[in-house]
Each structure stands twice: as structure tokens, then as C-alpha cells.
Amino acid sequence: MKKRRLGNSDLYVSELGLGCMSIGTEEKSAQRIIEAALEEGINYFDTADLYDFGDNEKIVGQALKDVREQVIIATKVGNRWNEDRSGWAWDPSKAYIKEAVKNSLNRLGTDYIDLYQLHGGTIEDPIDETIEAFEELKAEGFIRYYGISSIRPNVIREYVEKSGIVSVMMQYSILDRRPEEAVLPMLQEYGISVVTRGPLAKGLLSDKLLEKASEKGYLDYNYEELRTVLPMLKEKAARTRSFTEVALQYNLANPVVASVIAGASSPEQIRSNAEAVRSQPLSDEEVAVIKELTKASIYKEHR
């Protein structure tokens, strides 16, 4: 599988990454999914301290321990579970980040994290303090690089201008083109990569199409619009391809995208996604058709 450079780092990530939140808590089943990913050439595994109260990190670390030097482990910080685990609170403070990283390292069973990401963020956060925490962790050797996971253009802009982030993880798909206007050009200008999540738009951009549609619609699309646009996309943009191929290749067609993160709950799903990523890239004409059929959405005000 092809790899792309993550920002200005020396990390080269597979074009398809595994979103580990979906692998479940049954260790043998999760291990089979991760082994299938490795067999397909995936080297990028994304988890978070929030997932399954940290158990996801434990499972990922255990499954990857024998190939640790050959893979890139990304995890996230900032959401702090309540003591009774009934919910979590947002905490981007330096003290919490520097405490949380040690817990993540312990659960992952590793001495370092390749990519440590802030798991959200608002403009009211103590951003300078948060950046200081990441920079210190990098200098201390606990992390190699850092990034943020955010859909807020104003927050992303703060980190772009003030920090040494190498990547931004964000939701992006054919049905969610919000990043194209406000964010992707800015990140490309600064040499910062995008790692995308939600490329299949909750299954709407798979071959199941409207089976996955809700009466509430999806983002700017109401149900009736989905009934119109999805078959049109299938007819005009996915004539000789699976819809999954088109969806994943649409993300990869943007040069600022380094990797597409897709979840998988079975080895078969991994293999199908990998085949889609290894398929023929979209032509400029195919990308233009997709853009013509879909909405160039814009972000509503986020703080």
C-alpha cells in the first residue's frame, strides 16, 4: 500500500489507516482485525484514551507489540473520564496532558507515541499552555510529533499559526465537503497534512446507499435530497467502481490528505477498504462530476 508523508515529519503513513474505535473489546477478534490490517500494508493505527475507558489502547498496544518499530501509533488526549465513568469533561490543561500521556504509554506498552493528538478544542482553551505541553512532551521523547483532531476552522487556525502540529484529523467526505473552502487550502499552505475520518458518511457512501439513510438526513442533506443525490452519484461517478472506492479515492484526490481513517469490525471489511484504496485514483473529470452533484458545504460558526 502506498504511503504519504505526514506534514513535515519523518512519518510516512499508509493511505488507509485503521480507526481502532470499531475493533471492539474482545481481544482475539480485535487482534484478527489488526493482523488483517498489517497484512494489507496498513501501518497507521488510530486510537484514543477515551475509547472503552482506555481498554482500546491496551488492545492496540498488545496487538502491535511485536511490530512496534514498523508501525505508527496515534492516540488522543483531552477528554477526561469522570470517576464514576458516567461521562467525561474537557481538559486541555498542561498538567492533565502531561499526566495523561504517561497513562496512555503504559496502556499501549510503549516508550513513545508517534502522533499525539488533542482530541477536540475550543477557542476559549488555554491554547498556549496546551501547545507548551505538547512541545515539552516532544522534547522529553515521550511523543515524536503532535497534531489536533478538530472540525473548528478558528481553532485549527490558532494551532497552525502558533504550534508545530504536523496534522489535523477531521471529518471529510463527498457528503461533507466543509473543509474544502475554509481549512484544506490553509493547511496545504503551511505544509500540514490532513487525516480524514468519516469518509463513508456513516455508510451512506457504501454500496448500501439509502439502507443507511436516516429520516433526519445527513448534515446539510435532508432525506429527500439523499434519495436524489446518492443514486445520481452511483450512476455518474461510480459506474465501474464500488461506491466505497469512489468515496475513499475522493478524499485521497486532495493532495493535503495523507491518510484516510476507516473503522472496521471484521478482517473482511479491512480487506475491502484496502482494495478500494489500492484502486485507480479518480481523474480530474471524475472529481469535477462529484463536486457538481454535491454541496460545497460551509462550516457553521464554531467556537
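Above: the structure in question.
My aim in this report is to walk through the structure given alongside it, one point at a time. Keep in mind that what you see is a predicted model, and the values were worked out from it rather than measured.

Rules and cut-offs
Residues numbered from 1 in each chain as written. Predicted model: local features only at pLDDT ≥ 70, side-chain atom pairs only at ≥ 80, totals over all residues. Heavy atoms only, no water. Salt bridge = Lys/Arg side-chain N within 4 Å of Asp/Glu carboxyl O. Buried < 20%, exposed > 50% of the residue type's maximum accessible area, 1.4 Å probe, protein only. Helix = DSSP H or I, 4+ residues; strand = E, 2+ residues; numbered from the N terminus. Pairing = 2+ DSSP bridges. Axes fitted to C-alpha atoms, helices over the stretch in contact; angles between N-to-C directions. Contact = heavy atoms within 4.5 Å. Parallel < 35°, antiparallel > 145°, perpendicular 65-115°, else oblique. Left-handed = near helix turned anticlockwise from the far one by under 90°. Nonpolar A, V, L, I, M, F, W, Y, C, P; charged D, E, K, R; others polar.

Quick look at the pattern of salt bridges
Now for step 1: A full pass over the atoms with the stated rule returns 23 salt bridges.
Now for step 2: Between E180 and R177 there is a salt bridge, with the nearest N and O atoms lying 2.8 Å from each other. For the pair formed by E180 and R177, the shared burial category is buried.
Now for step 3: The salt bridge involving R241 is made with E286; its shortest N-O contact spans 3.7 Å. Of this pair, R241 sits in the loop between α8 (223-237) and α9 (243-252) while E286 is found in helix α11 (residues 284-293), placing the two residues 45 residues apart along the sequence.
Now for step 4: When salt bridges that share partners are traced, they join K94, K98, E132, E136 and E140 into one network.

What about the sheet that holds strand β8 (residues 113-119)?
Now for step 1: With parallel pairing, eight strands are arranged side by side around a closed barrel as β3-β4-β5-β8-β9-β10-β11-β12. Taking the axes of each pair of neighbouring strands and ignoring which way they run, one obtains an average angle of 30 degrees across the sheet.
Now for step 2: Pairing of strand β3 (residues 16-19) with strand β12 (residues 257-263) involves four bridges; the strand directions are parallel. Paired with G17 across the strands is I261, a residue of β12.
Now for step 3: Strands β5 (72-77), β8 and β9 (143-149) of the sheet are contacted by helix α4 (residues 127-139), whose axis makes an angle of about 155 degrees with β9.

Some points on unusual backbone geometry
Now for step 1: Positive phi is not limited to glycine here, since F53 has a value of about 55 degrees.
Now for step 2: Take F53: it is sitting in the loop between β4 (44-46) and α2 (55-64).

Observations concerning the environment of V287
Now for step 1: By the element assignment, V287 lies in helix α11.
Now for step 2: You can call V287 buried: its relative accessible area is 15%.
Now for step 3: Separated by 37 residues in sequence, V287 and Y250 place their C-alpha atoms 6.9 Å apart.
Now for step 4: Leave out the neighbours within four places in its chain, and V287 touches Y250, A253 and L282.

Focus on the packing of helix α3 (residues 94-108) against α4
Now for step 1: α4 packs onto α3 with a crossing angle of 30 degrees between their chain directions and a minimal axis gap of 8 Å. It follows from the interaxial angle that α3 and α4 lie roughly parallel. Handedness of the α3/α4 crossing: right-handed. Every residue of α4 that contacts α3 at K94, A95, I97, K98 and V101 is listed here: E129, T130, E132, A133, F134, E136 and L137.
Now for step 2: Along the lines of polarity and charge, the residues of the contact of α3 with α4 split into six nonpolar, one polar and five charged.

Comments concerning the environment of F142
Now for step 1: Assignment of secondary structure puts F142 in the loop between α4 and β9.
Now for step 2: The class of F142 is partly exposed, set by a relative accessible area of 25%.
Now for step 3: The spacing of F142 and V101 is 41 residues in sequence and 7.8 Å in space, taken between C-alpha atoms.
Now for step 4: Those residues within four positions of F142 in sequence are excluded, and the remaining contacts are L105, D111, Y112, I113 and L137.

Looking at the pairing of β12
Now for step 1: Counted residue by residue, β12 has six buried out of seven residues, so it is predominantly covered.
Now for step 2: In the sheet, strand β11 (residues 193-197) pairs with β12 via three bridges, with the strands oriented parallel. Opposite T196, over in β12, you have V260 as the bridge partner.

As for the side chain of N254
Now for step 1: Residue placement: N254 occurs in the loop between α9 and β12.
Now for step 2: A relative accessible area of 18% means that N254 is categorised as buried.
Now for step 3: Sequence-distant contacts of N254, defined by excluding residues within four places in its chain, comprise R4, Y172 and L184.

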